[in-house]
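Secondary and tertiary structure notes
This is what each chain is made of:
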Amino acid sequence: MNTVFMHCRPGFEGEVCSEIAEHAARLNVSGYAKAKPSSACAEFVCTQEGGAERLMRGLRFVELIFPRQWARGGFIELPETDRISVILQHMADFPVCGSLWLEMVDTNDGKELSNFCKKFDAHLRKALIKAGKLVEDDELKPRLLLTVKSGRELFLGLAESNNCAMWPMGIPRLKFPREAPSRSTLKLEEAWHHFIPRDQWDERLHSDMTGVDLGAAPGGWTWQLVNRGMIVTAIDNGPMAESLMDTGLVQHLMADGFTFKPKQPVDWMVCDIVEKPARNAAMLEEWIGEGHCREAVVNLKLPMKQRYAEVRRLLDRIADGFKERGIQVEIGCKQLYHDREEVTCHLRRLDVKKTKSR
């Protein structure tokens, strides 16, 4: 039971292995990473006693880029009948848990297990409570995470409830708003959930704020800003949705997103332009560094190879640039569920005063 198991987007198993191996080396946790292509999961097998727990306690999950979810534990084989007894036997040394998440990997085979998991969950939950291994809704206790690989195999793991994904499998349950012009709107909504604590939304996403959306058309990301009551400048040579223009909160400028700069600082800049990641990263650094905005969410499209190495290089370059400028910036990066061949970056400048209310 000394393995860290991680969920990810199918096709990004190698990036997860590279990322976790780099952190393990930094923390002096010996072991090796492995994954099967397109399996939507990866493992880091620790070769020292207690290595998995030490690795997870040495990292903050929200700072990891490619893993969607993680847990420490091990695989167990299940019989065709009396599976719960086998699970309880393997949990003899487990602490009492405060919640249970039954998960599956994000593949077609994994999705076929969803009905089994729903039925199994109720029986397992009841047995765990009866055995004194589960106390519901206690966030101070660890979370029990079971990833079902098949009806005969699962990963039995633990994670601290405040140091793992916010949703089972790291997949948010967001509803597409029918009023939004495009499904890309969910990218920005998920980014806010991931990077901004929910109890800070009223302070950092409110109607007295202003924003700029670069590459805005038809307005999926603009809609999120407008939905929070912000006045938005939408930059794109393409047309914006009429429903957004009718709100009176959007000014549409037909201009180049890479050359446009606001006359006055704004609170938010968002950008989902398809361009080389280095160019988007440089733009992000300039907007924050020059004080054009206080917070920004920008997508970086990934290259075909060495994707983790490229993201790490760009993030280090951005951080070094701010260090040279002598400014304080909070930097976050995540491959969100609604991302595809990209990652989402969030930057927040910490050493400037709030912009004036409109």
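Along each chain, numbering runs from 1 in the same order as the chain's sequence is written. Where totals are concerned, whole chains, interfaces and linings use all residues; where local detail is concerned, this predicted model gives features only for residues with pLDDT of at least 70, and gives and counts side-chain atom pairs only at 80 or more. The side-chain values count all of the structure's non-hydrogen atoms but skip hydrogen atoms and water molecules.

Observations regarding unusual backbone geometry
Residue P218 is bonded to the preceding A217 through a cis peptide linkage, with omega at 0°. Each helix corresponds to a stretch of at least 4 residues labelled H or I by DSSP, and each strand to a stretch of at least 2 residues labelled E; elements are numbered beginning at the N terminus. Turning to its location among the elements, P218 is positioned in the loop between strand 8 (210-214) and helix 8 (220-227). Phi angles above zero are rare outside glycine, and S38 is one such case at about 60°. One non-glycine residue, D137, lies in positive phi territory at about 60°. Structurally, the position occupied by D137 is in the loop between helix 5 (114-130) and strand 6 (143-150).

A look at the UniProt feature "domain: Ribosomal RNA large subunit methyltransferase M THUMP-like" (unreviewed entry) in the chain
Per the UniProt entry, the sites bearing "domain: Ribosomal RNA large subunit methyltransferase M THUMP-like" (unreviewed entry) are residues 82-141 in this numbering. Taken end to end, residues 82-141 has its terminal C-alpha atoms 27 Å apart, with 48% of it in helix and 8% in strand. UniProt positions are given in the numbering used here, feature names are shortened, and annotations may be inferred rather than shown by experiment.

Observations concerning empty space enclosed by the protein
Over the atoms, a rolling probe the size of a water molecule traces out where space has been left empty. In this analysis a 1.4 Å probe is tested at points of a 1 Å grid over the protein atoms alone, and where it fits but cannot get out there is a cavity; an open set with protein on both sides within 12 Å along at least five of seven lines is a pocket; lining residues have an atom within 4 Å of a point. Grid points are joined across faces, edges and corners, and a volume is the space filled by probe spheres set on the points. For the structure shown, the criterion picks out 1 cavity of 30 Å³ or more. Looking at the largest cavity, its volume works out to about 30 Å³. Every residue lining the largest cavity is listed: F5, H7, Q69, W70, A71, E103, L145 and T147. Of all the secondary-structure elements, those providing two or more residues to the lining of the largest cavity are strand 1 (3-7), strand 4 (69-77) and strand 6. Tallying contributions element by element places strand 4 first for the lining of the largest cavity, with 3 residues. Residue composition of the lining of the largest cavity, by class: 4 nonpolar, 3 polar and 1 charged. Three classes are used: nonpolar for Ala, Val, Leu, Ile, Met, Phe, Trp, Tyr, Cys and Pro, charged for Asp, Glu, Lys and Arg, and polar for all others, with Gly counted as polar.

A few points about the UniProt feature "domain: Ribosomal RNA methyltransferase FtsJ" (unreviewed entry) in the chain
Under the feature "domain: Ribosomal RNA methyltransferase FtsJ" (unreviewed entry), the UniProt entry names residues 182-274. Secondary structure content for residues 182-274 is 29% helix and 22% strand, and the end C-alpha separation is 16 Å.

Remarks on helix 1 (residues 13-26)
Relative to the 20 Å expected for 14 residues at 1.5 Å per residue, helix 1 spans 20 Å between its end C-alpha atoms, a close match to the ideal helical length. Note on classification: 1.4 Å probe, protein chains only; a residue is buried when its accessible area is under 20% of the maximum for its type, exposed when over 50%, partly exposed between these limits. Buried within helix 1 are the following residues: E13, E15, V16, C17, E19, I20, H23 and A24. Here, residues are in contact when the closest pair of their heavy atoms is within 4.5 Å. Looking at the packing, one finds that the buried side of helix 1 touches strand 1, strand 2 (31-34), strand 3 (41-46), helix 2 (51-57) and helix 11 (307-325). Of the residues one or two after helix 1, N28 is the one with positive phi, at around 60°. What a helix is expected to span follows from its residue count: subtract one and scale by 1.5 Å.

Describing the layout of surface pockets
The calculated volume of the largest pocket comes to roughly 1,000 Å³. Around the largest pocket sit 44 residues that line it, and F61, V62, E63, H194 and F195 are the ones nearest its centre. Only helix 1, helix 6 (185-195), helix 7 (201-204), helix 11 and strand 13 (329-334) provide two or more residues apiece to the lining of the largest pocket. Examining the composition of the lining of the largest pocket, we find that 5 residues originate from one element, strand 13, more than from any other. Residues that form the lining of the largest pocket fall into these classes: 20 nonpolar, 10 polar and 14 charged.

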